[in-house]
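Here's the letter readout for the chains.
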Amino acid sequence: MDGNGRWAKARHLPRIAGHKRGVDAVRRVSRAARALGIEVLTLYAFSSENWRRPEDEVRDLMGLLRHFLKNELDELVAEGVRLRVIGDYRALSPDLVAMIDEAIARTADNAGATLVIALNYGAQAEIVAAARTLAAQAKAGEIRPEAIDEAMFDGALTTHGLPPLDLLIRTSGEQRLSNFLLWQAAYAELLFVDTLWPDFDGDALAAAIAQFGRRERRFGGL
């Protein structure tokens, strides 16, 4: 979800104004995804590298996350949406961790769409953690090293149990993955759009899905 800062700069507004509009876009797109029948929507909300941003901006982002959880949780529950968080979110402030835990618990039994939020997430760290988990299990004799395959490795990732990633969209014209779902994106379709995230909406998502539907996926075959 890229382009909040540039959206604000183009309007001579502080960066936080762009982030606030970005939260509005999250609300629009998550609702549109459910209307389109999308089973799982994953949003890259805060990367492990985002800690390098100015302290006041990080503080504002965490405040917006609190606001989102407080104001959107009842709707997620009512709509049958299950919330899942990937990344080391327990490194956040204790009150925010408690809010996330509550949101996950309240939606755990929902059987509708799944909304995944990546918080303090980095794909390289995720892959390393999975490798360490499997190495420890092999050392303990719980698994045989030669038995480790793609399916077993996938099961050690934080996205275990979710369906394969079909489409990865990046807004604002940037054309890189920026440490997001590197393993999961192996055969995903990639779509880079010029629209800044605060301007992304249900129509933009529908257009992305339509473009995805026109692509031929061969997964290495003919």
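Everything below is about the structure printed above this text.
Being a predicted model, the structure only gives us computed values, none of them experimental. (Residues numbered from 1 in each chain as written. Predicted model: local features only at pLDDT ≥ 70, side-chain atom pairs only at ≥ 80, totals over all residues. Heavy atoms only, no water.)

1. Let's talk about the overall build of the protein
Logical step 1: In terms of helices and strands, the protein carries seven helices and five strands.
Logical step 2: Going from N to C terminus, the protein has its helices and strands arranged as α-α-β-α-β-α-β-α-α-β-β-α.
Logical step 3: Taking 2.2 N^0.38 as the reference for a compact globule, 222 residues should give roughly 17 Å; the C-alpha atoms of the protein span a radius of gyration of 18 Å, in line with that estimate.
Logical step 4: Taken along the three principal axes of its C-alpha coordinates, the protein extends 60 × 50 × 35 Å.
Logical step 5: Here the protein, with 222 residues, has 40% of them falling under the buried criterion.
Logical step 6: For the protein, the share of sequence-separated contacts (at least 6 apart) that also reach a separation of at least 24 residues comes to 74%.
Logical step 7: Surface accessibility of the protein: about 12200 Å² in total, with carbon and sulfur atoms responsible for 52%.
Logical step 8: Looking at charge distribution, the protein has the averaged site of its 28 positive side-chain charges lying 4 Å from that of its 31 negative ones. (Helix = DSSP H or I, 4+ residues; strand = E, 2+ residues; numbered from the N terminus. Rg over C-alpha atoms; globule rule 2.2 N^0.38 Å. Buried < 20%, exposed > 50% of the residue type's maximum accessible area, 1.4 Å probe, protein only. Contact = heavy atoms within 4.5 Å. Areas by Shrake-Rupley, 256 points an atom, 1.4 Å probe, with all protein chains shown as cover. Lys, Arg positive; Asp, Glu negative; His and termini not counted. Charge placed at Lys NZ, Arg CZ, Asp CG, Glu CD.)

2. Description of the pattern of salt bridges
Logical step 1: The tally for this structure, following the rule as stated, stands at 18 salt bridges.
Logical step 2: The partner of Arg 27 in a salt bridge is Asp 24, and the shortest N-O contact between them spans 3.1 Å. Note that Arg 27 and Asp 24 are positioned in helix 2 (residues 15-35) at a spacing of three residues, about one turn of the helix.
Logical step 3: The class of Arg 27 is buried, set by a relative accessible area of 18%.
Logical step 4: Residue class for Asp 24 comes out partly exposed when judged on its relative accessible area of 29%.
Logical step 5: A salt bridge links Arg 90 to Asp 101; the shortest N-O distance between them is 3.0 Å. One end of the pair, Arg 90, is in the loop between strand 2 (82-86) and helix 4 (94-107); the other, Asp 101, is in helix 4, and eleven residues separate them in sequence.
Logical step 6: By relative accessible area, Arg 90 is classed as exposed at 52%.
Logical step 7: Of the residues examined, Asp 101 reaches a relative accessible area of 26% and is grouped as partly exposed. (Salt bridge = Lys/Arg side-chain N within 4 Å of Asp/Glu carboxyl O.)

3. Details of the side chain of Asn 4
Logical step 1: Looking at the element boundaries, Asn 4 is found in helix 1 (residues 4-10).
Logical step 2: Accessibility expressed as a relative area gives 11% for Asn 4, which makes it buried.
Logical step 3: When sequence neighbours within four positions are dropped, the list of residues in contact with Asn 4 reads Gly 18, His 19, Gly 22, Trp 197 and Pro 198.

4. Description of the side chain of Thr 114
Logical step 1: Structurally, Thr 114 can be placed in strand 3 (residues 114-121).
Logical step 2: A distance of 3.3 Å separates polar atoms of two side chains, one belonging to Thr 114 and the other to Arg 82.
Logical step 3: In this view, Thr 114 contacts Glu 39, Val 40, Leu 41, Arg 82, Arg 84 and Leu 162; residues no more than four positions away in its chain are not counted. (Polar contact = N/O pair within 3.5 Å; in protein donor to acceptor, adjacent residues only side chain to side chain.)

5. A closer look at the sheet that holds strand 1 (residues 40-47)
Logical step 1: If you walk across this open sheet you meet the three strands as 1-3-2, and the pairing is parallel. Only two strands of the sheet have a single partner each, and these edge strands are strand 1 and strand 2. Recorded for the sheet is a direction-independent mean angle of 20° between the axes of neighbouring strands.
Logical step 2: As judged from the seven bridges shared by strand 1 and strand 3, these two strands associate in the parallel manner. (Pairing = 2+ DSSP bridges. Axes fitted to C-alpha atoms, helices over the stretch in contact; angles between N-to-C directions.)

6. Looking at the pairing of strand 2
Logical step 1: With four of five residues buried, strand 2 lies mostly within the body of the structure.
Logical step 2: Note that strand 2 and strand 3 share five bridges and pair parallel. Within strand 3, the residue paired with Ile 86 across the bridge is Ala 118.

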